[in-house]
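Close look at the chain arrangement
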Amino acid sequence: MTDINKINEFRVNNFGAGPGCVPTEVLLEAQKELLNFQGCGKSIMEVSHRGKEFEGVINETKSNLKKLLSINDDYDVLFLQGGASSLFAGIPMNLCENGVEDTVDFIVTGSWSKQATADGKYFCKVNKVVDMEKEKFLTVTEPSQWKFSEDAKYVHYCDNETIHGIEMPITTPDHLPSNLIKVCDMSSNFLSKPIDVSKFDLIFAGAQKNAGISGITIVIIKKSLLLKTKPNVPSVFNFLKKSQNNSLDNTPPTFNIYITGLILKWIINKGGLGEIEKLNIAKAHALYNYIDGSNGFYRCSIDKIYRSRMNVVFRIQDGNIELEEKFIKEAAKENITDIKGHRSVGGLRVSLYNAITIDQTLILINFMTNFYNNNK
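Residues numbered from 1 in each chain as written. Predicted model: local features only at pLDDT ≥ 70, side-chain atom pairs only at ≥ 80, totals over all residues. Heavy atoms only, no water.

1. Observations regarding helix α2 (residues 24–33)
Of the residues making up α2, those classed as buried are Thr24, Val26, Ala30 and Glu33. Buried residues along α2 sit against α1 (4–8) and α8 (254–269). (Buried < 20%, exposed > 50% of the residue type's maximum accessible area, 1.4 Å probe, protein only. Helix = DSSP H or I, 4+ residues; strand = E, 2+ residues; numbered from the N terminus. Contact = heavy atoms within 4.5 Å.)

Given below as structure tokens:
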């Protein structure tokens, strides 16, 4: 049996925001099967997407995702090519029957919902239910202040803003009008906790955080919405065609779907999303508590109600760039990597995706303690 701990001794502590850290067990399984997948004499990267080997992979992957999220038969699961941001165009293409004449409501809480709004303008009329940019995306206005359209085709929001470190409460869909189609971008907190899929009409997520590697987007869609797809929607974005063909109307990223399948098995073996959530709460709690107790040396300015469990953003001495650069360089010497904030906002960002362990989080906190003692 492979000793995971020995292998992890030469792997860095990768706190990158995406592509994120992949569980070592998953990497080992993929390595083992890379040359000869299930005895077929071919790599998983070489098998036909229409062959029995890959048909088994995609069907098992869909089945396990439905099991983990308790997805009922009112929904289908699609595996689309490209990043989740491609659906900022793809979703209005499918759901806005009248194109730019239709209104879509957007809840703008960070960079990705802002980008979705900007891209949406090419395919629909945009109404910003709330726009938190004037508040520097540090908080979110109370839902009672949100201003929805009377005739919107759907409402779009981002559950976790990877760049700004904002995560919406689990109760968010309860504050949306009951008659509105609810679309949610869950890219960076997908599979980090249990969710009630029945509260949404369409969920989409780039896989490269908690659900796999970059190159595919997972879509969970109500089957009733598939009927809204117009015939002139290009095949690559055509939800109805993808559903009718089990996402196999053209060659999908087969290896990526295979990796997602391995990660779903890993989550199941860990006890499911309830157990995963407990670990994620513990990691985030430990790091935020340390930051808040550092006498202002480290500071997270995000409203505590909306602090992300997945992406912890903070500054050193309220934006001391010289110290922050020193922090990044010294962390790398301790095998702590990918903690630089997004180029659009600066600062520091630690991503605590599912594959990051509590021990790794404590290694980071220990380094932060030493850095504080040496630089306060």
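2. Details of the sheet that holds strand β2 (residues 75–81)
The sheet built from 7 strands is open, its strands ordered β2-β10-β9-β8-β5-β3-β4 with mixed pairing. Looking at the sheet topology across the chains shown, the edges are occupied by β2 and β4 (125–131). In this sheet, neighbouring strand axes are inclined to one another by 20° on average, regardless of whether the strands run parallel or antiparallel. When strand β5 (residues 154–158) meets strand β8 (residues 181–185), the two strands line up parallel, connected through 5 bridges. Residue pairing in the sheet places Tyr157 in a bridge with Cys184 of β8. (Pairing = 2+ DSSP bridges. Axes fitted to C-alpha atoms, helices over the stretch in contact; angles between N-to-C directions.)

3. As for the UniProt feature "domain: Aminotransferase class V" (unreviewed entry) in the protein chain
UniProt's entry tags residues 13–359 with the feature "domain: Aminotransferase class V" (unreviewed entry), counted in the numbering of this structure. The span residues 13–359 is 31% helix and 18% strand, and its two end C-alpha atoms sit 10 Å from each other. (UniProt positions renumbered as here; feature names shortened; annotations may be inferred.)

4. Some details on the packing of aromatic side chains
Here the structure, examined in full by the defined rule, presents 15 aromatic pairs. For the ring pair Tyr290 and Tyr298, a centre distance of 5.9 Å and an interplane angle of 50° mean the geometry is tilted. Under the relative-accessibility criterion, Tyr298 is labelled buried at 1%. (Phe/Tyr/Trp six-rings, centres within 6.5 Å; stacked < 30°, edge-to-face > 60°.)

5. Quick notes on the side chain of Thr260
Mapped onto the elements, Thr260 comes out in helix α8. Look at Thr260 and you get buried, because its relative accessible area is 1%. The contacts of Thr260, once residues within four sequence positions are left out, are Thr61, Ala207, Ala211, Gly212, Ile216 and Ile218.

6. A short note on the packing of helix α9 (residues 273–292) against helix α11 (residues 358–375)
The N-to-C vectors of α9 and α11 enclose an angle of 5°; their axes lie 10 Å apart at closest approach. Relative to α11, α9 is oriented roughly parallel. Two secondary-structure elements touch here, α9 through Leu279, Ala282, Lys283, Ala286, Leu287, Tyr290 and Ile291 and α11 through Ile358, Thr361, Leu364, Ile365, Met368, Thr369 and Tyr372. For the contact of α9 with α11, a count of residues per class yields 11 nonpolar, 2 polar and 1 charged. (Parallel < 35°, antiparallel > 145°, perpendicular 65-115°, else oblique. Nonpolar A, V, L, I, M, F, W, Y, C, P; charged D, E, K, R; others polar.)

7. Focus: the sheet that holds strand β14 (residues 348–351)
A sheet is described by the order of its strands in space; here 3 strands give the open sequence β11-β12-β14, paired in antiparallel fashion. Strands with a single pairing partner mark the edges of an open sheet, and in this sheet they are β11 (298–299) and β14. The strands that α9 touches are β11, β12 (311–316) and β14; relative to β12, the one it contacts most, it runs at about 15°.

8. Some words on the nonpolar core
One finds Leu69, Phe190 and Tyr298 to be the most contacted residues of the largest nonpolar core, which totals 114 residues. A total of 8 residues in this core trace back to one element, the largest contributor, which is α8. In this view, Tyr298 contacts Tyr290, Ile291, Phe314, Arg315, Ile316, Phe327, Met368, Phe371 and Tyr372; residues no more than four positions away in its chain are not counted. (Core = buried A, V, L, I, M, F, W, Y, C linked by side-chain atoms within 4.5 Å.)

9. Some remarks on helix α4 (residues 87–95)
The element α4 is largely enclosed, with a buried count of 9 among its 9 residues. Within the span of α4, buried status applies to Leu87, Phe88, Ala89, Gly90, Ile91, Pro92, Met93, Asn94 and Leu95.

10. A word on the pattern of salt bridges
In this structure the tally under the stated criterion is 18 salt bridges. Its salt-bridge partner being Asp76, residue Lys62 comes within 3.2 Å of it at the nearest N-O pair. With Lys62 in helix α3 (residues 52–69) and Asp76 in strand β2, this residue pair connects regions lying 14 residues apart in the sequence. For the pair shown, Lys62 and Asp76 are each scored as buried. The salt bridge involving Lys114 is made with Glu133; its shortest N-O contact spans 2.8 Å. With a gap of 19 residues between them, Lys114 in helix α5 (residues 111–120) and Glu133 in the loop between β4 and β5 connect regions that are remote in the sequence. (Salt bridge = Lys/Arg side-chain N within 4 Å of Asp/Glu carboxyl O.)

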